[in-house]
Amino acid sequence: MKHLRAGEILFITCVSPAGFTSMTEITDMETIPGESNNQLALTTPETQPIKRRKKKSMVWEYFTIENVSAGCRRAYCKRCKQSFAYSTGSKVAGTSHLKRHIAKGTCRALLLGQGQDNNQFITPYNPKMGGSEPPKRRYRSPSSPFIPFDQDRCRHEIARMIIMHEYPLHIVEHPGFIAFVQNLQPQFDKMSFNTVQGDCVATYLREKQSLMKFIEGIPGRFCLTLDMWSSNQTLGYVFITGHFVDSDWKLHRQVFNVVMEPYPDSHSALSHAIAACLSDWSLEGKLFSLTFNHPLSKAGLENLRPLLCVKNPLILNGQLLIRNCIARTMSSMAKDVLGAGQEIIKKIRDSVKYVKMSESHDDKFIQVKNQLQVPSEKSLFLDDQTRWNTTYQMLAAASELKEVFDCLDTYDPDYKLAPSMEDWKLAETLCSFLKPLFYAASILTTTTLPTVITFFYEVWKIHVDLGRSITSEDPFISNLAKSMQEKIDKYWKDCSLVLAMAVVMDPRFKMKLVEFSFTKIYGEDAPTYIKTVDDGIHELFLEYVALPLPLTPTYAEEVNGANNGKTNESNQGNLLSDHGLTDFDVYIMETNSQQMKSELDQYLEESLLPRVQEFDVLGWWKLNKMKYPTLSKMARDILSIPVSAAAPESIFDITDKQLDEYRSSLRPETVEALICAKDWLHYGSSDVSNALVKMEF
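Residues numbered from 1 in each chain as written. Predicted model: local features only at pLDDT ≥ 70, side-chain atom pairs only at ≥ 80, totals over all residues. Heavy atoms only, no water.

Per an unreviewed UniProt entry, the recorded name for the protein chain is Zinc finger BED domain-containing protein DAYSLEEPER-like isoform X2, and the organism is Gossypium australe. UniProt annotates the protein chain under Subunit (unreviewed entry) with the comment "Homodimer." You can read under Subcellular location (unreviewed entry) in the UniProt record for the protein chain the words "Nucleus". (UniProt positions renumbered as here; feature names shortened; annotations may be inferred.)

Here is the structure:
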């Protein structure tokens, strides 16, 4: 007999005893798994099915049918043994619910990879998602087990994606995003703006808790930088970044807070932001220095100092507490240069624009360059007038190719913008002023966090160069140098002490580089300024000698770890216990201060280490912390002082940073969550940098 496929109808011609012929329609034909394919069960109103054809559906690879009672059969999952309705009498339940059990991931045994034949699963077909292809069998290898769909995990990853790439929160409501996700995973529930906002804040809180736990064990003090951003709503946003050295002597930079200030020009704006940060991260008593991206007014400074005196014991009478940002100082000096040469800069910019805005012009320029055999490898490009480094690079490249510009009009008659020889000479003068600023500022953009040591040398070099330029007979050079020196002098006056102290903490230089540099700057008055540094470093050391020990639980763990295996407390009795000689420790502190002070003197009297280009100064102090226990703590705090309050990507900006319109429309708490969480996810507490100090002489 012919085998039938699912859905086919068999008509059988029957001849009755009376001779009449009739057509009997057989519609319910099935085969019970395991029985012969050659025997048919004919369902008629008068008879019950006897034998059935083998089924073609994929579900029967996962289910068996068993008789439960007379006229009632149920389908049993081969893996989890769960039963499902199949047929009662002549009524058949079908297989859709069986497919859902396998394809939708509700069979727990299948998800765990148990049972037999677990290398395949069914993907449900959704006609609403487009396409005309029927459901297909998918295969997976044993090395890539089936992963169940997890709505919460997907929401968590979407929140991370939005934070890390600064996507708008409304992206989850965009039709294109919804269609993409639905095609990728039909089971994913749509998300609203409020939902994803809550998920982003939750991610921020988890990361914050982790960071707070990490900084609880920081053995030293914290330095903060404050960068004020504006918005189109005249609101201010204070970005507060923490700088610190961990117990492994690695330097960290982490955004702590983004505080919205409704009145950014008020004298109390920064005081409020600092107080909020100290309270939020429990930093009272742990603050070492503050670095501001914008100069503080006298009233603002008077408003800030009382707060810091109450919240934090001042180190060295506050001489190291408040500092200016070197990046903003150099940007201000660069603006002076660009302003003085704005006419020639415009001429050169127009010439570069003529060449780069047309492919034919660019080809002619290259042709002339090749014929003249100009050796320069630099390429022309237009500058971004909000970033002074691009203007310097444009001028430097054009100056090296000035011969090509001078001859370009002979090959291209339309070019009539060639600067004169005087213009090129002026451009080279501008480059000579910008070059040292450019290389110094570039250090701040590196992935390795620069220490304050590096900038003692950079600032000193700029100071000396400007001093020479002031004596120039060219009034343009002399006047420009005077304008720039006023700004570097102000920075040097405010920050030279901490810069010099940082150099003293470098075993390659100590006081020797301070003496050499100050002699170049101050001439006959140098001994007075050198003595100021020497007195300051000794006074600061005495303050650290008087500090109670241990400073933090981490320090206690380090000491205990160092003692483990060296002494046996059970044999020593109570003599070396925590409380055995407390009074003796106090006696030593009071009567032997001269011996403690000699720790610094011993360090200064030792020979300088060889001067190498790359030197891990923090790593050196880590190795010598047992030899210099007090001095190493002082070095840890000094070397964590940042020289810039600007983010690496904003070092060369000559305009104030402004929060974009979209983020300005969000709640302040959401803005803080998005910005801080991005920093923590991108850098993380594990992404630390050695304090490599590169110096060239």
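Still more to cover.
Remarks on the packing of aromatic side chains
Enumeration according to the criterion identifies 31 aromatic pairs in this entry. When the ring of Tyr392 is compared with that of Phe438, the centres are 5.1 Å apart and the planes differ by 40 degrees; the resulting orientation is tilted. You can see Tyr392 sitting in helix α11 (residues 388-400) and its partner Phe438 sitting in helix α13 (residues 421-443), a full 46 residues away along the chain. Its relative accessible area of 12% is what places Phe438 among the buried residues. Plain terms: the ring middles of Phe456 and Trp492 are 5.8 Å apart, the flat faces sit at 45 degrees to each other, and that makes the pair tilted. (Phe/Tyr/Trp six-rings, centres within 6.5 Å; stacked < 30°, edge-to-face > 60°. Helix = DSSP H or I, 4+ residues; strand = E, 2+ residues; numbered from the N terminus. Buried < 20%, exposed > 50% of the residue type's maximum accessible area, 1.4 Å probe, protein only.)

Remarks on the packing of helix α3 (residues 151-165) against helix α25 (residues 668-682)
Between two packed helices, what matters for the description is the angle formed by their axes and the separation of those axes. Orientation of α3 relative to α25, taken along the N-to-C sense of each, is 95 degrees, at an axis distance of 8 Å. Classified by the angle their axes make, α3 and α25 are roughly perpendicular. Facing Arg160, Ile163 and Met164 of α3, the residues of α25 in contact are Leu674, Ala677, Lys678 and Leu681. Among the residues making up the contact of α3 with α25, the classes are represented as five nonpolar, no polar and two charged. (Axes fitted to C-alpha atoms, helices over the stretch in contact; angles between N-to-C directions. Parallel < 35°, antiparallel > 145°, perpendicular 65-115°, else oblique. Contact = heavy atoms within 4.5 Å. Nonpolar A, V, L, I, M, F, W, Y, C, P; charged D, E, K, R; others polar.)

Side note on the side chain of Ser632
One can find Ser632 in helix α23 (residues 629-638). Side-chain polar atoms of Ser632 contact the backbone oxygen of Tyr628, separated by 2.9 Å. Not counting residues up to four positions away in its chain, the partners in contact with Ser632 are Trp249, Trp621 and Lys625. (Polar contact = N/O pair within 3.5 Å; in protein donor to acceptor, adjacent residues only side chain to side chain.)

Structural notes on the sheet that holds strand β6 (residues 91-92)
Strand pairing within a sheet occurs via backbone hydrogen bonds; the two strands may be parallel or antiparallel. The four strands lie next to each other as β3-β4-β5-β6, forming an open sheet whose pairing is antiparallel. Sheet topology places β3 (63-69) and β6 at the edges, where each strand pairs with a single neighbour. Summarising the sheet, strand β5 (residues 83-88) and β6 pair through two bridges and their orientation is antiparallel. Each residue of the ladder has a partner; that of Thr88, found in β6, is Lys91. (Pairing = 2+ DSSP bridges.)

Overview of the nonpolar core
Grouped together as the largest cluster of nonpolar side chains are 109 residues, with contacts concentrated most on Trp388, Met505 and Trp621. Per element, the largest residue contribution to this core is 16 residues, and it comes from helix α15 (residues 475-504). Leaving out residues up to four positions away in the same chain, Trp621 has contacts with Trp249, Met505, Tyr603, Tyr628, Leu631, Ser632, Ala635 and Leu639. Of all hydrophobic cores here, the second largest spans 58 residues; its members include Met191, Val196, Phe239 and Leu321. (Core = buried A, V, L, I, M, F, W, Y, C linked by side-chain atoms within 4.5 Å.)

A few points about the environment of Ala546
Tracing the backbone through its elements, the reader meets Ala546 in the loop between α17 (526-545) and α18 (553-563). C-alpha separation for the pair Ala546 and Thr630, spaced 84 residues apart in sequence, amounts to 9.7 Å.

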